[in-house]
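Topology and contacts: notes
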Amino acid sequence: MEELNVVRLSPLRLNGPVPAKSTLSGRSTPRGGSPSFRRLNSGRTPRRDGKSSAFGSQWFRSNRIVLWLLLITLWAYGGFYVQSRWAHGDNKEGIFGGSGGDVANGTSQPEEKNQRILVANEESLAVKPPSNKTQGNSMDLDVVLAKQGNSVVSDKVSSSKKKSKKSTRASRRKTRGKKKVVAEVKTDDIEVQEEEIPKRNTTYGLLVGPFGPIEDKILEWSPEKRSGTCDRKSQFARLVWSRKFVLILHELSMTGAPLAMLELATELLSCGATVYVVPLSKRGGLMSELSRRKIKVLEDKSDLSFKTAMKADLIIAGSAVCASWIEQYAARTVLGSSQITWWIMENRREYFDRAKLAFNRVKKLIFLSESQSKHWLAWCEEEHIKLKTQPALVPLSISDELAFVAGIPCSLSTPLFSPEKMLEKRQLLRDFVRKEMGLTDNDMLVMSLSSINPGKGQFLLLETTRLLIEGAPPLNGSAVKRREYQKRTLLYNWKQFGEWKKESSTLSNNLQTEALQVPQLFIKGVNYTAGIENDRGTRKLFSLTEGKQGEKLKVLIGSVGSKSNKVPYVKALLNFLNQHSNLSNTVLWTPSTTRVAALYAAADAYVMNSQGLGETFGRVTIEAMAFGLPVLGTDAGGTKEIVEHNVTGLLHSLGRPGTQVLANNLQYLLNNPSERQRLGSNGRKKVKDMYLKKHMYKRFGEVLYDCMRIK
């Protein structure tokens, strides 16, 4: 009997075809056959796997948009996190390269090569427009990164090679309109640079200093190790703690305004604030000092500085020259006027004209002295400019470093370095530095430290010195001027003193100016003799009988090499000295430096001979007073507010008429050491009462409180 093979149809596929053979064995086998087949190739297992894989792919396709949105969200969050840390300068782990940390300060530290290259490329693109050179550099940088194992960059290299020609042409078209902007920035740096005069003794005759290493050795103290501490209990410290400030400096020269802003940045940083400095011009030597004090510098004065300033609690501009930056920043944000405090330190009409359009772009104006404030408010009335708020008055102060060396109690004073101990060390420093300068005990060293330009009056000081040494009248003396000079000289005759007021009215229209010429000469009834050689129009200088005789005058002028010096003016001074050999032997020069404590310690008197409207304030004036030096200053500007005539110093009039008065004052101090001591002691006491750091920051804290809207 023939056996019939019964084929059972699958209940799941009733209408489908029946497989004749198994795909594995090659012959037809019933599904319910041997157990081994059931174990090895179960009919349900493939279908279950197929269902699960099909379900997974179907779920992925249906929810693909959700996954992409999740991925984009995570990517955006990571990007914003990195950008926020970069903007706030958080570079503790070194993952942001040159945008924060020590690289922003101008110092470089070893980092991974790929990070350093990436940051350099980003910064170059942010500052300069794209060009052929930058694109070529970017290709090279990508190749370097590819060698380090960055697979993503390798793709970028291949694509950049393919598009190099197109990108080069596009960059040329884009940069045509931007080349002018770059050229303007470069020419701005070139304009401020002048021909530099060599710093040699053959050029200046006698160049002394700087004496920073000598200070460290004798004082057993260095400002590099201790640069000041903040008074944590003060209102100023509580106000600025954990806040962010951006300081705008017009340049980095070692002159009044940049140095004042440097001290402000140091104090803010010491009190726990985050500080960024934006120099509008890189000329000067303060970059290394900013780096030493770990103050972050933003070299990009446009986009990067604007972005950083927008996140700051307050912006402090330190010069009238900052007007252009203020206007550009105010055009970028509506919060500009509520963020900016403007500390103006100039007192000339030309600076007012440059700044007047930006007055209402700031929240508060700050001046240094009452005379400066009166001048600027008067100019505002002439131009019909109405300020939003009343300007504040914040005079400068001496730094803790100078107060410490001067023997004045400050934050740096310790039991081992008490004020009394520092006075002893200061005397040792004086003796050593004077010996280095070639001075003796019979020499009176008169010092004038500032940038060398016509406004500071160094040429008039040399004329005065020549008048004392050679007994010659002021320059440009015609016959009429010689007769007037002789009449003025006769006023100092003891017999004519009773007729002084009546005679002086015929010589000058300013009785107050003439009054500065005589009274200090007759304080103690000292004997006085004077004579005139009518044939030459010269006179023998008077001699006072008090104290030791034969003291010689020495004049120290600085600061040689300062970027604020006017080279033609310096050359005129040197030519004048070459024409008068006796005068050249009397004058000493010193380079530009921030280490001036040794110079103050070696000096016997200080001359502030600023012309025009006078010195705005004159920080060097209070520094000299802190070291017990009498100040001989012009009767103008902030100097007359600091120096009390015949109390802390002696005043003289502006211009060439003041040279005769200054000569008389110098001669008086030359022959009266006790008067030098009296005036210097009074000046030192005034600094302790009015011009220490705590006095300045108490006023500054009040201004910041009003500007930052503290609740």
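Cut-offs applied
Residues numbered from 1 in each chain as written. Predicted model: local features only at pLDDT ≥ 70, side-chain atom pairs only at ≥ 80, totals over all residues. Heavy atoms only, no water. Helix = DSSP H or I, 4+ residues; strand = E, 2+ residues; numbered from the N terminus. Buried < 20%, exposed > 50% of the residue type's maximum accessible area, 1.4 Å probe, protein only. Contact = heavy atoms within 4.5 Å. Areas by Shrake-Rupley, 256 points an atom, 1.4 Å probe, with all protein chains shown as cover. Pairing = 2+ DSSP bridges. Axes fitted to C-alpha atoms, helices over the stretch in contact; angles between N-to-C directions. Parallel < 35°, antiparallel > 145°, perpendicular 65-115°, else oblique. Nonpolar A, V, L, I, M, F, W, Y, C, P; charged D, E, K, R; others polar. Expected span 1.5 Å × (residues − 1). Phe/Tyr/Trp six-rings, centres within 6.5 Å; stacked < 30°, edge-to-face > 60°. Right-handed = clockwise from strand over helix to strand, strands pointing away. Core = buried A, V, L, I, M, F, W, Y, C linked by side-chain atoms within 4.5 Å. Salt bridge = Lys/Arg side-chain N within 4 Å of Asp/Glu carboxyl O.

Turning our attention to the overall build of the protein chain. Per the secondary structure count, the protein chain includes 32 helices and 15 strands. For the protein chain, the proportion of its 711 residues judged to be buried stands at 46%. Across the protein chain, contacts joining residues at least 24 apart in sequence account for 73% of those joining residues at least 6 apart. When the accessible surface of the protein chain is totalled, it reaches about 38,100 Å², and 54% of it is carbon and sulfur.

On to the sheet that holds strand β7 (residues 392–393), then. Ordered by their spatial adjacency, seven strands build an open sheet running β3-β2-β1-β4-β5-β6-β7, and the pairing between neighbours is parallel. Pairing within the sheet leaves two strands with one partner each, and these edge strands are β3 (296–297) and β7. Pairing analysis gives two bridges linking strand β6 (residues 364–367) to β7, with the strands arranged parallel. The partner of Ile366 across the bridge, within β7, is Ala392. Relative to strand β1 (residues 244–249), helix α14 (residues 303–310) is tilted by about 145°, and along the sheet it contacts β1, β2 (274–279) and β4 (314–317). Each of β1, β2, β4 and β5 (340–343) touches helix α15 (residues 323–332); the most contacted strand, β5, lies at about 170° to it.

Backbone torsion omega between Gly209 and Pro210 reads 0°, so that peptide bond is classified as cis. Relative to the elements of secondary structure, Pro210 occurs in the loop between α9 (201–204) and α10 (212–219). Cis geometry marks the peptide bond from Gly558 to Ser559; its omega dihedral reads 15°. If you trace the backbone, Ser559 turns up in strand β11 (residues 552–560). At Glu220, a residue that is not glycine, the phi angle is positive and equals roughly 55°. Mapped onto the fold, Glu220 is located in the loop between α10 and α11 (235–240). One non-glycine residue, Ser242, lies in positive phi territory at about 60°.

This part covers the packing of helix α30 (residues 657–670) against helix α31 (residues 673–690). The interhelical angle for the contact between α30 and α31, taken along N-to-C directions, is 105°, at an axis separation of 6 Å. The orientation of α30 with respect to α31, classified from their angle, is roughly perpendicular. Counting all contacts with α30, which are made through Tyr668, Leu669 and Leu670, the residues of α31 involved are Pro673, Glu675, Arg676 and Leu679. Here the residues of the contact of α30 with α31 sort into five nonpolar, no polar and two charged.

Let us now look at the packing of helix α12 (residues 256–270) against helix α32 (residues 693–707). Geometry of a packed helix pair, given as the angle between the helix axes and the separation of the axes. Packing of α12 against α32 brings their axes to within 13 Å, and their N-to-C directions diverge by 80°. Comparing their axes, α32 and α12 come out roughly perpendicular. Residues Glu263, Leu264 and Glu267 of α12 pack against Lys693, Tyr697 and Phe700 of α32. In terms of residue class, the contact of α12 with α32 is built from three nonpolar, no polar and three charged.

Right, let's get into helix α25 (residues 567–579). Owing to its 3.6 residues per turn, the α-helix aligns residues three or four sequence positions apart on the same side. Taking 1.5 Å of rise per residue, the 13 residues of α25 would be expected to cover 18 Å, and the 19 Å separating its terminal C-alpha atoms lies within 8% of that figure. Within α25, burial applies to Val567, Tyr569, Val570, Leu573, Leu574, Phe576 and Leu577. Contacts made by the buried residues of α25 are with α9, α21 (458–470), α26 (581–584) and β12 (587–591).

Quick look at the packing of aromatic side chains now. Under the counting rule described, the total for this entry stands at 19 aromatic pairs. Between the aromatic rings of Tyr600 and Tyr606, the centroid separation amounts to 6.4 Å while the plane-to-plane angle is 40°, which identifies the pairing as tilted. A network of ring pairs unites the aromatic residues Trp342, Phe352, Phe359, Phe367, Trp376 and Trp379 as a single cluster.

Let us now look at the pairing of strand β8 (residues 443–449). In terms of residue burial, β8 counts as a mostly covered element, since seven of its seven residues are buried. In β8, alternate side chains face the same way, and those of Asp443, Leu445, Met447 and Leu449 on one face and Met444, Val446 and Ser448 on the other are all buried. The pairing of β8 with strand β13 (residues 605–608) spans two bridges and is parallel. By the bridge assignment, Met447 is partnered in β13 with Tyr606.

With that out of the way, let us pick up the pairing of β1. Of all the six residues making up β1, six are buried; the element is thus mostly covered by neighbouring parts of the structure. Residue alternation in β1 divides its side chains into two sets, Lys244, Val246 and Ile248 and Phe245, Leu247 and Leu249, and both sets are buried. With α12 bridging β1 and its parallel neighbour β2, the resulting β-α-β unit is right-handed. In this sheet, β4 lies alongside β1 in parallel orientation, the contact comprising four bridges. Residue pairing across strands places Leu247 opposite Ile316, the latter belonging to β4.

The topology assignment puts Asn646 in the loop between α29 (639–642) and β15 (649–652). For Asn646, a relative accessible area of 25% puts it in the partly exposed group. When the C-alpha atoms of Asn646 and Val631 are compared, they prove to be 10.0 Å apart, with 15 residues separating the residues in sequence.

The buried count for helix α28 (residues 619–626) comes to seven of eight residues, which makes it a mostly enclosed element. Every buried residue of α28 is accounted for by Arg619, Thr621, Ile622, Glu623, Ala624, Met625 and Ala626. Positive backbone phi, at 75°, marks Gly628, one or two positions downstream of α28.

Another point: the nonpolar core. In this structure, Leu247, Trp343, Met437, Tyr600 and Phe700 are the most contacted members of the largest nonpolar core, which totals 90 residues. Sorting elements by how many residues they give to this core places α12 first, with seven residues. Listed in part, the 35 residues of the second largest apolar core include Leu574, Leu632, Leu666 and Tyr668.

With that settled, consider the pattern of salt bridges. Two side chains of opposite charge can pair, provided their charged atoms sit close to one another. What the rule picks out here adds up to 26 salt bridges. The residue Glu470 makes a salt bridge to Arg466 at a minimum N-O spacing of 3.1 Å. In this pair, Glu470 and Arg466 are both assigned in helix α21, four residues apart and thus about one turn of the helix distant. Here Arg466 falls in the buried class, since its relative accessible area comes to 14%. Residues participating in the shared-partner salt-bridge network are Arg349, Asp353, Lys356, Glu382 and Glu383.

Honestly, it's all geometry; don't read function into it.
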